[in-house]
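Read off the chains here:
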Amino acid sequence: MKYKIFLFIIGVCSILQGCNNVPTSYELNGEVYDSRFNEKFIYLSKVEGNELTNIDSSLVKDNKFFLKGVQDEPTICYLRFKRNEVLPEYMPVIFILENGTFSIQIKKSDSKAVGTELNHSLLSFRTTMEKYDKDLSLIEKQYEKMIADSTINEEKEQQLYNEYNSVEKSQLEYVKKIIGKNLDNVFGAYVFNLNRNRLSDYDLKNILQKAGSIFKKQPDVKLISERLARLEETSVGRMYKDFDTQNIQGEKKSLSEYAGHGKFLIVGFWSSISSSSQVEMKKLIDIYKEYKYKGVDIVAISLDTDSLSWVRSIEQNHLACLQLSDLKGWTSEAATIYEINRIPYILLLNPDGSIAVRETNSEHLKKKLKELIN
């Protein structure tokens, strides 16, 4: 019996010792790989409202700086220099401030924080995402080059499109996996917000339903929740909301001129700076050509800001359909009303003007059209 009591006491002591090892403050050791920042202050900042607010600072000496304090709970923070002292190649360093000892290296590229669990997770995530982004960029450059030198053909275009979609799909699955494993911490909330435009509205809602309180109370996550509430106003089954825009000739137009007039209306959102949305618009136009004699019409809404780029892209990609844009980009009335936060993006309106489909791709649209028409 005494032996068991002895083991119990040892166990309790071990637990208490483990609890005492939980950090109650942080020590941040930093190094800047550029002597031009010596004798300049580096600022520790966090987001408050719509601005970055400085919460501490340290003088850089011999390329090093040091910060310490107490952080009640992990939060996304930034390290930055004053604007007039920032070199173009140096951006604010994003990291997770939490109690513990860690170090931050600031370089022209590949700045990173190491030493705590959440920052290790953040570094691993960034490294993997950069690999995916590099693959996507290579495919886009190949497509743009073939467009420029007129060597593109339908077969090659489809091949590049499939390759791009495959990489993009793998990247999105990776993002969902990371968020799913971090539904109760600030790292998961950061990844969620960073990829809010890649995730479907269904995915956003599903994640928020499963997320913990720390995740949900992050400011950016609250904004996403508010956006989803506004989306209900233009959800499937609701009547379309009108907006003003203009055609290529600069003539004022509105959606009501084409919606709710007894035909199904495909509304495709795209931009000249997005090659994937241009390819998708071609597919939408092909669907329109196939179904136009069965009561289907189409309108393309560009989220461009430069009229020359807009018109040039229409001509180069042979996007022969009604093209509209107010040239206000993501702040356009159409994008604001329908909460469009990524492209390509598609709406399908019923003949009476009610919304039949939103946030889908051309393949899903074609299937839905076939169901509705038949």
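Since this is a predicted model, take the numbers as computed values, not measurements. (Residues numbered from 1 in each chain as written. Predicted model: local features only at pLDDT ≥ 70, side-chain atom pairs only at ≥ 80, totals over all residues. Heavy atoms only, no water.)

With that settled, the discussion passes to the confidence of the model for the chain. Mean pLDDT for the chain: 90, with 93% of residues reaching 70 or above. Segment residues 12-19 is flagged for pLDDT under 50; beyond a separation of four residues in sequence, or across chains, it makes 0 contacts in the model. (pLDDT = per-residue confidence, 0-100. Contact = heavy atoms within 4.5 Å.)

Take the nonpolar core next. Core analysis: the largest hydrophobic core is formed by 28 residues, its most contacted members being Phe125, Ile179, Phe187, Val191, Phe192 and Phe215. Those elements giving two or more residues to this core turn out to be strand E5 (75-80), helix H2 (117-148), helix H3 (154-181), helix H4 (186-194), helix H5 (201-210) and helix H7 (219-231). Of the residues forming this core, the biggest block, 6 residues, is contributed by H4. Not counting residues up to four positions away in its chain, the partners in contact with Phe192 are Ile179, Leu199, Leu204, Ile207, Leu208, Phe215, Val221 and Ile224. Core analysis: the next-biggest nonpolar cluster, separate from the first, contains 22 residues, Ile287, Val296, Cys321 and Ala356 among them. (Core = buried A, V, L, I, M, F, W, Y, C linked by side-chain atoms within 4.5 Å. Buried < 20%, exposed > 50% of the residue type's maximum accessible area, 1.4 Å probe, protein only. Helix = DSSP H or I, 4+ residues; strand = E, 2+ residues; numbered from the N terminus.)

Side chains that are three or four residues apart share a direction in an α-helix, a result of its 3.6 residues per turn. Along its 13 residues, H7 runs 19 Å from first to last C-alpha, staying within 8% of the 18 Å computed at 1.5 Å per residue. Where H7 is buried, its residues touch H4, H5, helix H6 (213-216) and strand E15 (355-358). (Expected span 1.5 Å × (residues − 1).)

Sheet strands pair by backbone hydrogen bonding; their relative direction is either parallel or antiparallel. In spatial order, the strands read E13-E12-E11-E14-E15; together these 5 strands make up an open sheet with mixed pairing. Each edge of the open sheet carries a strand with a single partner, namely strand E13 (322-324) and E15. Along the sheet, successive strands turn relative to each other by an average axial angle of 20°, direction set aside. Bridge count between strand E11 (residues 264-270) and strand E14 (residues 345-349): 5 bridges; the pairing is antiparallel. The partner of Phe269 across the bridge, within E14, is Tyr345. (Pairing = 2+ DSSP bridges. Axes fitted to C-alpha atoms, helices over the stretch in contact; angles between N-to-C directions.)

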